[in-house]
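# A closer look at the structure
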Amino acid sequence: MKPAMSSNRLDIRPAPGLMDTLDEQPLDPMLMVLHLLRSDPRPNKIDLGIGVYRDNTGCTPILQAVKSAERHLVETQTSKDYLSPEGDAGFVAALAPIVLGDGIGGETIWGMQTPGGTGALRLAAALLHRTNPECRVWIGTPGYVNHAMLMQAAGLEVVDHPFFDKPSQTLLFDAMMSALHEVRRGDAIVLQSGCHNPTGVEFSHDQWRDLAAFLNDRGVVPVIDMAYQGLGAGLDEDAWGLRHVLDHVPEALVCVSGSKNFGLYRDRVGALWVQGTNAGSVRRARTNLNLMARTLWSMPPDHGAAVVRTILDTPALAAQWRAELETMRLRIAGLRHDLATAVPEFETVKTQSGMFSLLPLDRDQVTWLRIEHGIYMVESGRINIAGLNEGNLPVFANALRSVL
Ligand code: LMR
């Protein structure tokens, strides 16, 4: 006979705990595609989902410049002692001219390393909330899925404004400007400089000029996200809007990522710059950012930033990185051209730039492409152009024609 105690144990039903109060959460649309893709056993499935660069063989390569810098670090690094919540100051200094241009600097702009562009955005959101909890953040629709979630995670209210019309593939600048007339002084707006995610469209220089003048006039703080610099029209051209806005507004936040242009995705390389009206305000922002970084991640991971610093501080490696980046950029532009030629109904993809286009497909068409053809894209119709290659582009083009 079993002792009574063990049967009693079986009877113990713990009272609902704290975790029982949680609601289940869905995967975000990007991670959902990844999940579906990874559970599909078909060998010829086509991955146009998450935004990573792929070469013509479908691989996401480690850049040669990165490999060389890593070898150098392995040979020469003598310690892995902590740095600080600000990360690697040499990395930020080396990246600044690439992002901000040669002419900008001084006491009214200051930057720090962050864990990826996501870390920079999350910290920027926390700073905005600290400066003004009533700040509303304006975000264009359709936009990058994580922008709104990141702002809301910091307690900020998000307000949508029109940005792009999917069926006609047009940038809605006038509609956007008229919606923005509702802004309040002290609100913020998330802008993307170059290679817009998910649409691939870009403001013209005149539109950037009008927008910057408006933001300055109405006291709106731009949060400029540049996650794909160099993969659209080139390193300087992709940053044109960012630099123009910085030149024409007193306060701004700049968030960048090294995931795509250095191919350092999982190493989490990013940076945040804050531009203020005077040295004192930037110093105050710096101390607050340090404190908030300390409570979010304490210190950013070192390796990827050290790789970028090594590349940019070594002229031969910097030249090699620029050449490798240009190869990636030209491959994407070529794929855009080839897709537009193969499916003339989607010829706008060749006028867009960067890794993404938002195809004028509805959810049923996207689902059909996935189930029938093993083609994976975000449910909105966003495709990662870099997922195409000589082998799968004709297959994709045929499948697209079959749903039109
Ligand atoms: C994407 O949009 O696919 C990338 O920026 C990856 C991500 O983290 O969302």
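Residues numbered from 1 in each chain as written. Predicted model: local features only at pLDDT ≥ 70, side-chain atom pairs only at ≥ 80, totals over all residues. Heavy atoms only, no water.

Looking at where Arg136 falls in the secondary structure, it is placed in strand S3 (residues 136–141). Non-local contacts of Arg136, meaning those with residues more than four positions away in its chain, are made with Glu157, Val159, Glu182, Val183, Arg184, Asp187 and Ala188. (Helix = DSSP H or I, 4+ residues; strand = E, 2+ residues; numbered from the N terminus. Contact = heavy atoms within 4.5 Å.)

Relative to the 26 Å expected for 18 residues at 1.5 Å per residue, helix H11 (residues 279–296) spans 25 Å between its end C-alpha atoms, a close match to the ideal helical length. Buried positions along H11 lie against strand S2 (109–115), helix H5 (116–131) and strand S10 (269–275). With a side-chain oxygen positioned 2.9 Å from the backbone nitrogen of Gly280, the residue opening H11 is Asn278. Two residues or fewer after H11 comes Ser298, characterised by a positive phi angle close to 65°. (Expected span 1.5 Å × (residues − 1). Polar contact = N/O pair within 3.5 Å; in protein donor to acceptor, adjacent residues only side chain to side chain.)

Turning to the packing of aromatic side chains, a few remarks are in order. Given two aromatic rings, one states the distance between the centres and the angle between the planes to describe the pair. Evaluation of the coordinates by the stated rule reveals five aromatic pairs. Over the face of the ring belonging to Phe356 we find Arg382, whose NZ or CZ atom lies 3.7 Å from the ring centre. (Phe/Tyr/Trp six-rings, centres within 6.5 Å; stacked < 30°, edge-to-face > 60°. Lys NZ or Arg CZ within 6 Å of the ring centre and 35° of its normal.)

Looking now at the domain arrangement of the protein chain. As assigned here, the protein chain comprises domain 1 (24–62 + 318–403) and domain 2 (65–315). Taking only C-alpha atoms into account, the centre of domain 1 sits 25 Å from that of domain 2. Overall, the association of domain 1 and domain 2 removes approximately 2,800 Å² of surface from exposure, summing both partners, and the carbon and sulfur fraction of that is 63%. If you sort the residues of domain 1 by the area they bury against domain 2, Trp321, Arg329 and Leu358 come out on top, with a joint share of 24%. Taken together, the links from domain 1 to domain 2 amount to zero salt bridges. The interface formed by domain 1 and domain 2 contains 17 residue pairs in polar contact (both at pLDDT 80 or more). (Domains from an automatic or database assignment. Buried area = accessible area lost by both parts, 1.4 Å probe. Salt bridge = Lys/Arg side-chain N within 4 Å of Asp/Glu carboxyl O.)

Here we take up the packing of helix H4 (residues 89–100) against helix H10 (residues 240–248). The relative placement of two packed helices is expressed as an angle between their axes plus a distance between the axes. Running from amino to carboxyl end, H4 crosses H10 at an angle of 95°, the nearest separation of the two axes being 9 Å. With respect to their mutual orientation, H4 and H10 come out roughly perpendicular. Here Pro97, Ile98, Val99 and Leu100 of H4 come into contact with H10, specifically with Leu242, Arg243 and Leu246. A breakdown of the residues in the contact of H4 with H10 according to their chemical character gives six nonpolar, no polar and one charged. (Axes fitted to C-alpha atoms, helices over the stretch in contact; angles between N-to-C directions. Parallel < 35°, antiparallel > 145°, perpendicular 65-115°, else oblique. Nonpolar A, V, L, I, M, F, W, Y, C, P; charged D, E, K, R; others polar.)

Another point: the site of the ligand. Neighbouring residues of the ligand: Met30, Ile50, Gly51, Tyr144, Asn197, Tyr228, Lys260 and Arg382. At 2.7 Å, a backbone N or O of Gly51 approaches an oxygen atom of the ligand. Between the ligand and Arg382, the relevant distance is 2.8 Å, taken from an oxygen atom to a side-chain nitrogen or oxygen of the residue. Relative to its unbound accessible surface of 260 Å², the ligand loses 78% to contact with the protein. In terms of residue class, the shell around the ligand is made up of four nonpolar, two polar and two charged. Both domain 1 (24–62 + 318–403) and domain 2 (65–315) contribute no fewer than three residues apiece to the shell around the ligand. (Near = heavy atom within 4 Å. Areas by Shrake-Rupley, 256 points an atom, 1.4 Å probe, with all protein chains shown as cover.)

Turning next to the side chain of Asn389. Looking at the element boundaries, Asn389 is found in the loop between strand S13 (382–384) and helix H15 (393–403). Here Asn389 is in contact with Asp55, Asn56, Gly58, Arg331, Leu335 and Pro394, once residues within four sequence places are set aside.

Next up on the list: the sheet that holds strand S9 (residues 252–257). In space, the seven strands of this open sheet follow the order S2-S10-S9-S8-S7-S3-S4, with mixed pairing throughout. Two strands bound the open sheet, and with one partner strand each, they are S2 and strand S4 (157–162). Geometrically, the sheet is characterised by an average inter-axis angle of 25° between neighbouring strands, direction not taken into account. Examined bridge by bridge, S3 and strand S7 (residues 188–192) share three bridges and lie parallel to one another. Each residue of the ladder has a partner; that of Trp138, found in S7, is Ile189. Across the sheet, H4 touches S2, strand S8 (221–226), S9 and S10, and the angle it forms with S10 is around 70°. Along the sheet face, helix H8 (residues 205–218) touches S7 and S8 and points at about 160° away from the line of S7. (Pairing = 2+ DSSP bridges.)

Here we take up the nonpolar core. Formed by 94 residues in total, the largest nonpolar core has its most connected members in Leu95, Trp273, Ile311, Trp321, Leu339 and Phe396. Ignoring anything within four residues of it in the chain, the contact list for Leu95 reads Val256, Phe262, Ala271, Trp273, Val308 and Leu312. Core analysis: the second largest hydrophobic core is formed by 31 residues, Ala120, Ala154, Val158 and Ala188 among them. (Core = buried A, V, L, I, M, F, W, Y, C linked by side-chain atoms within 4.5 Å. Buried < 20%, exposed > 50% of the residue type's maximum accessible area, 1.4 Å probe, protein only.)

Here the focus is the pairing of S2. Burial runs high along S2: seven of the seven residues are buried. In S2, alternate side chains face the same way, and those of Ile109, Gly111, Gln113 and Pro115 on one face and Trp110, Met112 and Thr114 on the other are all buried. Judged from the seven bridges that link them, S2 and S10 form a sheet pairing that is antiparallel. Looking at the pairing, Thr114 lines up with Gly270 of S10.

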